[in-house]
Amino acid sequence: PPAHRIAAADGVAKMTRRLERLRPSEASASPRPTKLSEWLLVALLLSGSARHAVSAVATDFVLAGRGVVAARVAHRMRAMSVAERRTSQDLVEQAVRVRFEATAEARRAAFAGLFSCRVASSPSSAKPAAADPRAVVAAGVRSEVGWNTSLGHLEIGDARLVVLDKWAMMEVPVELAWSLIPHALPEQRARRGGQGAAVDAAASTGQLAVATLPLGQQQVDLSILRRLLTAEEARRLLSLLPEEFDLDRADVEMVPKRWVMVEREGRPVPGREALAEAMRPIVEERVLPFLREGLACPDCAVCSSIVRRYSHDLGERYRDPPHTDGQAYATVVVALDSAGVDYDGGLYVITDPARPLTVAMQVGDAIVHRWDLQHGVQVDRGRRVSWILWAQDSEPCVPQVEFHQRPFFREAAEQGNAVAMHILGSGQNGRSAEGGRWLRRAAEAGFVKAMASLGTQLQGSDDQEAARWLRLAAAQGDVGARAALGMALLRAGQFREAEQWVRFAAEGGHPTAQNELGMMLLTGALQRPPEVPEATRWLEAAARQGHSLAQSNLGVCFAEGRGVDRSLPAALYWWTEAATQGLPDALQNLERFRSEQPGWASWPVYTGA
């Protein structure tokens, strides 16, 4: 359980702090003792009295000989000191060094336990879940490309104590490696001669024979900080938050997030001055010193400070798809509550899109990463609240489009960083010819998110090429690509395959796919009789995530009693939720609800039918 894994890592962090306080510098290291005395020292530290020897006051405690146990330890230490012709202080330092080196792997293992491999769950369905489409990828590909599973692409560094002017905390460095899925370029196919046709055929169905191509990898790093905040400081910040969070509408999947904007462009937002004042000492005395030294970013400045909430409460978002923070050089995510206690799931990092690694964080812990880490959020139970800081590499703080013009993005892209290529080819950057070239380079390098973005961008101008890129991304588990591909196939009249891909995306938690699947089943768009009960289950799954179209459509189902018991209060509730986000059809349904006679239930308009 996450709470147990957190406790194990916390115990190791405490032990490491004690060891590091006693561990001498290499410059003052004593000669190695004989095998006999080393065995005695290790035995001493591993015995019941080791808890006294390895503590913040171990040396003074042992040498002073206070207490019965300490007196025995001191007697043994004096005897060993005479035999080795070394002081008791030297022997204690050597013991601590031996213990520290002997437990390095145990410390790494404890923090590796904070990462757990998970597969996204789905709501109950009338039909059994379809097989993962990656099973249709050419035989042998998984073993050839070193398929990411469990913790195979995760390396935990040794924990170290970070001592700042007014604070000390534990840092655990982590390296992630994720595999690129290479795309066969036309010139590569030509060089392979007779294999070219086979690769073309595989690519046309999404079954790209990547086993015949060299595999690339991207490596990113992050740091886990234990106790950036105390529990009391976290409680104080939570007490200063408003009861109702604002809606962050600038998002994908048509689902807003709940947040409290505290600072924008380095300045407090009006009305959030008290919260910003409580956060400022933590930022200035702990966060910025760590970023400037730990990330070798001497001019780093925190530009945005927000508090974000994910919850399974009705109408609130509980997931965030994989993404990178292209608006910042570095991101700091601080836990204001605990995994396994207040919620299940939480922040995850990506090596394999279909198998994210969830990180169990305890209140006060933080994760620090740069702009190239793929990550997301999935909360399976409860409510998760986190404080997020976005820092740019220097002042002044600038908008995202201007920030992307800073040299390090282009330098990284030119050195082959696929995430940098994707950033330079996405959003407003992607509207230029140069941006389009960067996006294609990222897709051809094998970055799954770039494949999905390129496929979506090509829709309407080159549908065949768009479908090919979407298939490649969908086959690697990208739920957004699966949803887009399914809707494209539906428009093309390929109903059976369209349902398969939309269902894959819906089962992966994609709210737009859940709404679309619900409406397909509700209206008979799949050229078979409507399947109303299952349709309303999918609409409810999307509505509970805050998807406004699904909320409006579910309100109509309650108003008409389609697939659910007729309930005007429930219809009013869901229309009101959708109207809060400004959805015109929900506002229209509410207006008719208020103005029409008892026959009003036949009037509501379906959205996106």
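Residues numbered from 1 in each chain as written. Predicted model: local features only at pLDDT ≥ 70, side-chain atom pairs only at ≥ 80, totals over all residues. Heavy atoms only, no water.

1. What to know about the overall build of the chain
Here is step 1: On a plain count of helices and strands, the chain comes out with 25 helices and 15 strands.
Here is step 2: Per-residue burial for the chain yields a buried fraction of 54% across its 609 residues.
Here is step 3: Just so you have it, the chain exposes about 26,400 Å², and 53% of that area is on carbon and sulfur atoms. (Helix = DSSP H or I, 4+ residues; strand = E, 2+ residues; numbered from the N terminus. Buried < 20%, exposed > 50% of the residue type's maximum accessible area, 1.4 Å probe, protein only. Areas by Shrake-Rupley, 256 points an atom, 1.4 Å probe, with all protein chains shown as cover.)

2. Points about the pairing of strand S12 (residues 343-349)
Here is step 1: Among the 7 residues of S12, 6 are classified as buried, and the element is accordingly described as predominantly covered.
Here is step 2: Note: S12 against strand S15 (residues 375-392), 7 bridges, orientation antiparallel. Its bridge partner being in S15, valine 349 is matched across the sheet by histidine 375.
Here is step 3: Pairing geometry for S12 and strand S13 (residues 357-359), over 2 bridges, is antiparallel. Bridge assignment links tyrosine 348 to a residue of S13, and that residue is threonine 358. (Pairing = 2+ DSSP bridges.)

3. Some words on helix H20 (residues 495-507)
Here is step 1: Over its 13 residues, H20 extends 18 Å from the first C-alpha to the last, a length consistent with the 18 Å expected when each residue adds 1.5 Å.
Here is step 2: Those residues of H20 lying buried are Ala498, Glu499, Trp501, Val502, Arg503, Phe504, Ala505, Ala506 and Glu507.
Here is step 3: Contact partners of the buried residues in H20: helix H18 (463-475), helix H19 (479-491), helix H21 (511-523) and helix H22 (532-544).
Here is step 4: Remark: glycine 509 follows H20 within two positions and exhibits a positive phi of approximately 95 degrees. (Expected span 1.5 Å × (residues − 1). Contact = heavy atoms within 4.5 Å.)

4. Description of the side chain of arginine 309
Here is step 1: Assignment of secondary structure puts arginine 309 in strand S9 (residues 301-311).
Here is step 2: Given the relative accessible area of 5%, arginine 309 is considered buried.
Here is step 3: Side chain to side chain, arginine 309 and glutamate 316 meet in a polar contact 2.6 Å long.
Here is step 4: Apart from the residues lying within four places of it in its own chain, the contact partners of arginine 309 are Glu243, Phe245, Arg258, Glu316, Arg317, Arg383, Arg384 and Val385. (Polar contact = N/O pair within 3.5 Å; in protein donor to acceptor, adjacent residues only side chain to side chain.)

5. Some thoughts on the nonpolar core
Here is step 1: Grouped together as the largest cluster of nonpolar side chains are 153 residues, with contacts concentrated most on Phe115, Leu291, Val307, Val332, Trp371 and Trp387.
Here is step 2: Discounting residues that sit within four places of it in the chain, valine 332 has contacts with Leu228, Val287, Leu291, Ala366, Ile367, Val368, Trp387, Ile388 and Leu389. (Core = buried A, V, L, I, M, F, W, Y, C linked by side-chain atoms within 4.5 Å.)

6. Some points on the environment of arginine 440
Here is step 1: Inspection of the secondary structure puts arginine 440 in helix H16 (residues 433-445).
Here is step 2: Assessed through its relative accessible area of 30%, arginine 440 is described here as partly exposed.
Here is step 3: Distance from arginine 440 to alanine 450, taken between C-alpha atoms, is 7.5 Å for residues 10 residues apart in sequence.

7. Notes on the pattern of salt bridges
Here is step 1: Per the stated rule, a full pass over the model turns up 27 salt bridges.
Here is step 2: Between arginine 317 and aspartate 320 there is a salt bridge, with the nearest N and O atoms lying 3.7 Å from each other.
Here is step 3: Using a relative accessible area of 4% as the deciding quantity, one classes aspartate 320 as buried.
Here is step 4: A salt bridge links arginine 468 to glutamate 465; its shortest N-O distance comes to 2.9 Å. Taken together, the residues span about one helical turn, with arginine 468 and glutamate 465 both in helix H18 at a distance of 3 residues. (Salt bridge = Lys/Arg side-chain N within 4 Å of Asp/Glu carboxyl O.)

8. Observations regarding the environment of glutamine 459
Here is step 1: The residue glutamine 459 is located in the loop between helix H17 (448-458) and H18 in this model.
Here is step 2: Sequence spacing of glutamine 459 and leucine 470 is 11 residues, and the spatial spacing of their C-alpha atoms is 9.9 Å.
Here is step 3: Sequence-distant contacts of glutamine 459, defined by excluding residues within four places in its chain, comprise Ala466, Leu470, Ala484, Ala488 and Arg491.

9. Structural notes on the confidence of the model for the chain
Here is step 1: Confidence in the prediction of the chain, expressed as mean pLDDT, is 78, and 71% of residues score 70 or more.
Here is step 2: The spread of mean pLDDT over the elements of the chain runs between helix H8 (residues 141-145), the lowest at 27, and strand S11 (residues 330-335), the highest at 98.
Here is step 3: The low-confidence segment residues 22-66, where pLDDT is below 50, has 71 contacts with residues more than four positions distant or belonging to other chains.
Here is step 4: Note that residues 120-150 has pLDDT below 50 and, in this model, 65 contacts with residues that lie over four places away or in other chains. (pLDDT = per-residue confidence, 0-100.)

10. Let's talk about helix H24 (residues 568-580)
Here is step 1: Between its first and last C-alpha atoms H24 spans 18 Å; for 13 residues at 1.5 Å apiece the expected length is 18 Å, and the two agree.
Here is step 2: Among the residues of H24, Ala570, Ala571, Trp574, Trp575, Glu577, Ala578 and Ala579 are the ones counted as buried.
Here is step 3: Contacts from the buried residues of H24 go to strand S7 (257-264), H22, helix H23 (548-560) and helix H25 (584-595).
Here is step 4: In this structure serine 567 caps H24, since a side-chain oxygen of it lies 3.2 Å from the backbone nitrogen of alanine 570.
Here is step 5: Phi turns positive one or two residues past the end of H24, at glycine 582, with a value near 85 degrees.

11. Observations concerning the packing of H18 against H19
Here is step 1: Closest axis-to-axis distance for the H18/H19 pair is 8 Å, and the angle between their directions is 140 degrees. In terms of orientation, H18 and H19 fall into the oblique class. Classified by chirality, the crossing of H19 by H18 is left-handed. In contact with Ala467, Leu470, Arg471, Ala473 and Ala474 of H18, H19 contributes Ala481, Arg482, Ala484, Leu485 and Leu489.
Here is step 2: Of the residues contributing to the contact of H18 with H19, the split by class is 8 nonpolar, no polar and 2 charged. (Axes fitted to C-alpha atoms, helices over the stretch in contact; angles between N-to-C directions. Parallel < 35°, antiparallel > 145°, perpendicular 65-115°, else oblique. Left-handed = near helix turned anticlockwise from the far one by under 90°. Nonpolar A, V, L, I, M, F, W, Y, C, P; charged D, E, K, R; others polar.)

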